[in-house]
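Chain residues, written in single-letter form:
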Amino acid sequence: MRKNIWLTIGLVFLLLGLAACAALDSGKELPLQHMSAADLGDKTTTCTNCHDARGEKLAFGDFNHTPTWMTTHKYQANQNAAVCAMCHQTSYCNSCHATKLELKPSERNQSESYRQMPHRGDYLTRHRIDGRIDPTSCFRCHGKPKSAKTCAPCHG
Amino acid sequence: MKLRDVYKSIFCFAILSLFCLPWTVSAAQLNFQSDTILRMLERDTTTKDSAAVLPIYEYIQLDIGTPDEPGLSFHLYGWGRLDMADNDYYDDSTAGELLYSYIEYTGEQAAFNARLGRQYLFEGVADTAIDGLRLSSDLGKYFSGSVYAGLPVDYSNENGRDGDSIYGARIANHMTGWYDLGLSYQKISNDSDSDEKAGMDLSAYLPLGINLYGFSSLNLDTDEWAEHSYELRFSAGPVGIRPYFQKFRYEDYFGTDNTSVNPFAFLANSGEELTVVGTEATLPIGNSWTLVANIKNYDYKVLSDSSRYYSGKVIWSGEEGTQLGGEAGLMDGDTDQNKYLLVRVYGYWTQLPAMLPVGYVSSELMYVDYDQAIYGEDSSFFVSVGVGQKFLDDALDVKVSGDYSKDPYYDEDLQAMVTLSYRFGKDL
């Protein structure tokens, strides 16, 4: 009970702070949209073509969309959703991260073989081993009642 | 009055309040995208062997607003599916989900943002969808914050339960060029039960070009750490190196309350702790070649054993998205049933002769060899070929692909898929 009171007070203060400080800029504002590749005349997926690896606002080097980006963007996306939103609609992220999907990402984007999508090929068999080795990797996407429906036919 | 009704009243009031905010004076745009996907496959069902399964999926996305300027906007995205063959393969011949549908207001100052409606949250300890309100803003030069509250979409009306409420917040401290430190909290109440957790996320920019990223989450119901995940990024000459560390306590990570689902609820009671340590090295060669090597070790507390995964990739990137690649991976598990060798090669080729009626050709071949046979089969073979072309000034994208798989679950499985993607944009 005591913990709930402190949490409520903390959330109320944060809410009031948001309202009071909404006019105070951080100096880290990002544009709502990035220039398109056509306007830029260069690929927007390699940030360091134009920005320093450690720029004033971001460590741009760690946002380069390298061939391994699909499996390594977790921390950058978690802390900087506004950076992702400059180029991607939320629907792009929802190919993989969503409440309930019936088509797995590699099926939804079947012909985009270069995207290093999870579960490519016969993952039904491979998941028996990957799931035993590291079930936490399954839990991130299949750990809630709606998303776990794909597991229910066999796992109950 | 139930808490759910209180939330509904607050949301209705908030929706009306949003319309009192100033609309931007610039012309708004309407952007619409439709993706229609038809799949063709065969499956044994409870009523028929080798029954045709013909699901047709429709994904709809609608955005109204001024994408490059602050102001009010509306966003919607969802999918639906109809099984045209209706041969009892699916539990229901129709299915679907509204993934998001929200009104958004972006302020001109301090990165103020308000979203109302169904939305996906991915920040700090939150990785979930809510029907509710989220507010975020900079709080001066060194801080930013966000709060959200509403109904948890993941738990609505599942297994006879009604999701009651979800709320949380994240406050972050920044020293530009030095670090970003976020503290977050989330509580999901579900009837008499609740799931409460706190998290800490960190980006630190250290000397010698070393960057540290990480995330820890604390299960507040048990007061134990559920997860620690951290990685470093630095370069040694031309080689990018990414060592990483993860530690999970199953009981606190998977949860043992009634919000936990199978098969994770079973694992939560095992007392297991998993530690993952690994390193990935990436070597670009010129502008076209990339070599990647990865080694990962899994260590267990209860199992008292370990497994390792080794992989290597070679990737060649050409103009206009063309890419060819190969990958080999070896899972060296603690027992024979946890060992396999994987080989994958793929291609995505856009630089085709103009005489061909397609814009790209994609292909993929994957072979997996299992140390211990599964259902009498000790390997999987998968091959996929696809082509695509754009029409109507690139507004219409047509893709056709076919797959063949021979694996422990399917003797010979053939599938085909046709995708029609149509984009429409208009100034309002």
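Remember, it's a predicted structure, so these values are computed and weren't measured experimentally. (Residues numbered from 1 in each chain as written. Chains lettered and ligands numbered in written order. Predicted model: local features only at pLDDT ≥ 70, side-chain atom pairs only at ≥ 80, totals over all residues.)

Draft legend 1. Fine view of the overall build of chain A. Regarding its fold elements, chain A presents 10 helices and 0 strands. Helices (α) and strands (β) of chain A occur, in sequence order from the N terminus, as α-α-α-α-α-α-α-α-α-α. Taken over 156 residues, chain A has a buried fraction of 29%. Taking the contacts inside chain A whose residues are at least 6 apart along the sequence as the reference set, 31% of them involve residues at least 24 apart. (Helix = DSSP H or I, 4+ residues; strand = E, 2+ residues; numbered from the N terminus. Buried ≥ 20, exposed ≤ 12 C-beta atoms within 10 Å, placed from the backbone. Contact = placed C-beta atoms within 7 Å.)

Draft legend 2. Quick peek at the pairing of strand 16 (residues 289–300) of chain B. Residue and element names in this part refer to chain B. Pairing geometry for strand 15 (residues 273–285) and strand 16, over 12 bridges, is antiparallel. Of the residues in strand 16, the one forming a bridge with Leu283 is Leu291. Relative to strand 17 (residues 306–317), strand 16 runs antiparallel, the two being bridged by 11 bridges. Residue pairing across strands places Asp299 opposite Ser306, the latter belonging to strand 17. (Pairing = 2+ DSSP bridges.)

Draft legend 3. Here's a closer look at helix 9 (residues 135–142) of chain A. Residues A:Pro135, A:Thr136, A:Phe139 and A:His142 constitute the buried set of helix 9 of chain A. Buried residues along helix 9 of chain A cover an arc of 140 degrees about the axis, so they all sit on one side. Looking at the packing, one finds that the buried side of helix 9 of chain A touches helix 8 (123–133) of chain A together with strand 14 (239–249), helix 2 (250–254), helix 3 (264–268) and strand 15 of chain B. (Arc of directions from axis to C-beta.)

Draft legend 4. Examining helix 8 of chain A more closely. Here helix 8 of chain A has its buried residues at A:Thr125, A:Arg126, A:Ile129 and A:Ile133. Angular distribution of buried residues about the axis of helix 8 of chain A spans 90 degrees; they occupy a single face of the element. The secondary structure elements touched by the buried residues of helix 8 of chain A are strand 16, strand 17, strand 18 (323–332), strand 19 (339–349), strand 20 (360–374) and strand 21 (377–391) of chain B.

Draft legend 5. Structural view of the interface of chain B and chain A. Contacts between the two partners involve 95 residues from chain B, matched on the other side by 70 residues from chain A. The leading source of residues in the side of chain B that touches chain A is strand 20 of chain B, at 6 residues. When the residues that make up the side of chain B that touches chain A are grouped by side-chain class, the tally is 46 nonpolar, 31 polar and 18 charged. (Nonpolar A, V, L, I, M, F, W, Y, C, P; charged D, E, K, R; others polar.)

Draft legend 6. Looking closely at the nonpolar core. All names here are of chain B. Ile130 and Tyr148 are the most contacted members of the largest nonpolar core, which has 31 residues in total. Non-local contacts of Ile130, meaning those with residues more than four positions away in its chain, are made with Gln119, Leu121, Tyr148, Gly150, Leu151, Pro152, Val153 and Ile166. Phe264, Tyr309, Met331 and Val368 belong to the second largest nonpolar core, which has 23 residues in total. (Core = buried A, V, L, I, M, F, W, Y, C linked by C-beta atoms within 7 Å.)

Draft legend 7. Quick look at the confidence of the model for chain A. In the predicted model, chain A carries a mean pLDDT of 83, and 82% of its residues have values of at least 70. Considering each helix and strand of chain A separately, the mean pLDDT is smallest for helix 1 (residues 2–21) of chain A, with a value of 64, and largest for helix 8 of chain A, with 95. (pLDDT = per-residue confidence, 0-100.)

Draft legend 8. Focus on unusual backbone geometry. In this structure, the amide linkage connecting B:Asn262 to the following residue, B:Pro263, adopts the cis form with an omega of 5 degrees. Locating B:Pro263 in the fold gives a position in the loop between helix 2 and helix 3. In this structure, A:Gln116 takes a positive phi of about 50 degrees despite not being glycine. Counting through the fold element by element, A:Gln116 comes out in the loop between helix 7 (105–108) and helix 8.

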